[in-house]
Amino acid sequence: MIAVTAINGKNFYLNPDLIFRIEETPDTMITLVDNKTIVVKEAPEVVVHRIVCYRQAIYRQVPPVNENQ
C-alpha cells in the first residue's frame with residue numbers, strides 16, 4: 001500500500017495494484033481499474049515513485065528460486 005493525501009487533506013493508503021491510470025489535470029487524478037477516480041495532492045511523479053519503492057520492497061522479500069529442486 002502507498003500513502004497518499006486526498007484533496008481534503010486526509011491521508012489514506014491505496015493499493016497500487018488497483019491503479020489503472022494517473023493523470024495531471026492540473027490536480028493529480030488516479031483512475032482505478034473499476035473506473036473510480038481519486039484526486040490527490042501529490043504530483044504524479046511522487047505517486048509513481050512511491051509505487052516503485054513499494055514494489056521494490058515487496059520483491060526484496062521474495063526468496064530466490066532454486067532451480068536445482
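Thresholds, definitions, all that
- Residues numbered from 1 in each chain as written.
- Predicted model: local features only at pLDDT ≥ 70, side-chain atom pairs only at ≥ 80, totals over all residues.
- Heavy atoms only, no water.
- Helix = DSSP H or I, 4+ residues; strand = E, 2+ residues; numbered from the N terminus.
- Buried < 20%, exposed > 50% of the residue type's maximum accessible area, 1.4 Å probe, protein only.
- Contact = heavy atoms within 4.5 Å.
- Core = buried A, V, L, I, M, F, W, Y, C linked by side-chain atoms within 4.5 Å.
- Pairing = 2+ DSSP bridges.
- Salt bridge = Lys/Arg side-chain N within 4 Å of Asp/Glu carboxyl O.

- The name an unreviewed UniProt entry gives the protein is Flagellar FlbD family protein, with Candidatus Enterococcus avicola as the organism.

**A look at the side chain of threonine 31**
- Position of threonine 31 among the secondary structure elements: in strand β4 (residues 28-32).
- In this structure threonine 31 comes out as buried when scored by relative accessible area, which is 6%.
- Residues within four places of threonine 31 in sequence aside, it is in contact with Leu18, Ile19, Phe20, Arg21, Glu23, Lys36 and Thr37.

**Notes on the nonpolar core**
- Judged by nonpolar contacts, Ile2, Val4, Leu14, Ile19, Ile30, Leu32, Ile38, Val40, Val47 and Ile51 together constitute the single largest core of ten residues.
- Of all the secondary structure elements, the ones that give two or more residues to this core are β1 (2-5), β4, β5 (37-40) and α1 (44-60).
- When sequence neighbours within four positions are dropped, the list of residues in contact with valine 47 reads Ile2, Ile22, Thr28, Ile30, Val40 and Glu42.

**Observations regarding the environment of aspartate 27**
- Along the chain, the position of aspartate 27 falls in the loop between β3 (19-24) and β4.
- Through-space distance from the C-alpha of aspartate 27 to that of isoleucine 7 is 8.8 Å; in sequence the pair is 20 residues apart.
- Residues in contact with aspartate 27, not counting those within four places in the same chain, are Ile7 and Val39.

**Structural notes on the pairing of strand β2 (residues 11-14)**
- Bridge count for β1 against β2 is four bridges, and the pairing is antiparallel. The residue of β2 that forms the bridge with valine 4 is phenylalanine 12.
- Following β1, the chain reverses through five residues before pairing antiparallel with β2; glycine 9 in that reversal takes a positive phi of roughly 95°.

**So, the pattern of salt bridges**
- A complete count under the given rule lists four salt bridges for this structure.
- The salt bridge partner of arginine 50 is glutamate 42, with a shortest N-O separation of 3.4 Å.
- Using a relative accessible area of 11% as the deciding quantity, one classes glutamate 42 as buried.

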